[in-house]
Each structure stands twice: as structure tokens, then as C-alpha cells.
Amino acid sequence: MNKFNGHEAYIISEALDLYVKEINEEIEALEAEGKRPIFTVDYFPQLAKDINSKLNLNTIKDYGDME
């Protein structure tokens, strides 16, 4: 399996952070409307943390950690 270089890992990490921010805003908006979404605002940051850990394992070590 090929590993990600630093630029690729950075793009994935930034996209993941943006996704978490956007989805949490959607969840908060739903909660403000009185709806009860399946996922809470705590779920996606934890999921992103797990994905970032896997990303670090699959990134060439010369580029450092993406957390």
C-alpha cells in the first residue's frame, strides 16, 4: 500500500476538519428546531480523531503528524 505524502495528508486532514465543523453546525441547527438527530456533536470529532490517527499511520514519516 502506498502511503500519503505530507501534502495529501494535509488536504485530507483539512477536509475532515471542515466536514466536522459543517456537520456539527447542521446538528446544532436541527437541535435548535427541536429535532433529535441520530448523531450528537460529540460523535464526529471523535470519528475525525480516529481517522486522523489512521492517516498518521499511513503518511510518510518525514512529513510529521496531521493531528
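The coordinates are above.
Per chain, residue numbering runs from 1 following the sequence as it is written. Owing to the predicted nature of the model, reporting of local features is limited to residues with pLDDT of at least 70; listing and counting of side-chain atom pairs is limited to 80 or more, with chain, interface and lining totals taken over all residues. Working from all heavy atoms in the structure, the side-chain values ignore hydrogens and water.

Engineer: Just to check I follow, could you spell out the pattern of salt bridges for this structure?
Structural biologist: Pairing of side chains with opposite charge becomes possible as their charged atoms draw close. Counted as salt bridges are all cases of a side-chain nitrogen of Lys or Arg within 4 Å of a carboxyl oxygen of Asp or Glu. The final tally for this structure, using the stated rule, is two salt bridges. The salt bridge involving Lys 21 is made with Glu 25; its shortest N-O contact spans 3.6 Å. Of the two residues, Lys 21 and Glu 25 are both situated in helix α1 (residues 6–32); the distance of four residues between them amounts to about one turn of the helix. Only protein chains enter the accessibility calculation, which uses a 1.4 Å probe. A residue is then buried if its area is under 20% of the maximum for its type, exposed if over 50%, and partly exposed in between. For Lys 21, a relative accessible area of 48% gives the class partly exposed. Counting from the N terminus, the helices are DSSP H or I runs at least four residues long and the strands are E runs at least two residues long.

Engineer: In this structure, what is going on with helix α2 (residues 43–57)? I would like to understand it.
Structural biologist: Because an α-helix completes one turn every 3.6 residues, residues spaced three or four positions apart along the sequence face the same direction. Multiplying one less than the number of residues by 1.5 Å gives the expected span of a helix. Taking 1.5 Å of rise per residue, 15 residues should cover 21 Å, and α2 covers 22 Å from first to last C-alpha, within 8% of that figure. Within α2 the residues assigned to the buried category are Phe 44, Ala 48, Asn 52, Leu 55 and Asn 56. One side of α2 holds all its buried residues, which, seen down the axis, span an arc of 115 degrees. Opposite the buried face of α2, by more than 90 degrees, sit the exposed residues Lys 54 and Leu 57. Among the structural elements, α1 are those in contact with the buried residues of α2. This arc corresponds to the set of directions leading from the helix axis out to the C-beta atoms. Here, two residues are considered to be in contact whenever any of their heavy atoms come within 4.5 Å of each other.

Engineer: Just to check I follow, could you spell out the packing of aromatic side chains for this structure?
Structural biologist: To describe a pair of aromatic rings, you give the distance between the ring centres and the angle between the ring planes. Centres within 6.5 Å make a pair out of two Phe, Tyr or Trp rings, where for Trp the six-membered ring is used; the pair is then stacked when the planes are under 30 degrees apart, edge-to-face when over 60, and tilted otherwise. All told, the structure shown has four aromatic pairs when counted by the stated rule. Judged by centre distance (5.3 Å) and plane angle (65 degrees), the ring pair of Phe 39 and Phe 44 falls under edge-to-face. Residue class for Phe 44 comes out buried when judged on its relative accessible area of 9%. Three or more aromatic residues joined by ring pairs form one cluster here, namely Tyr 19, Phe 39, Tyr 43 and Phe 44.

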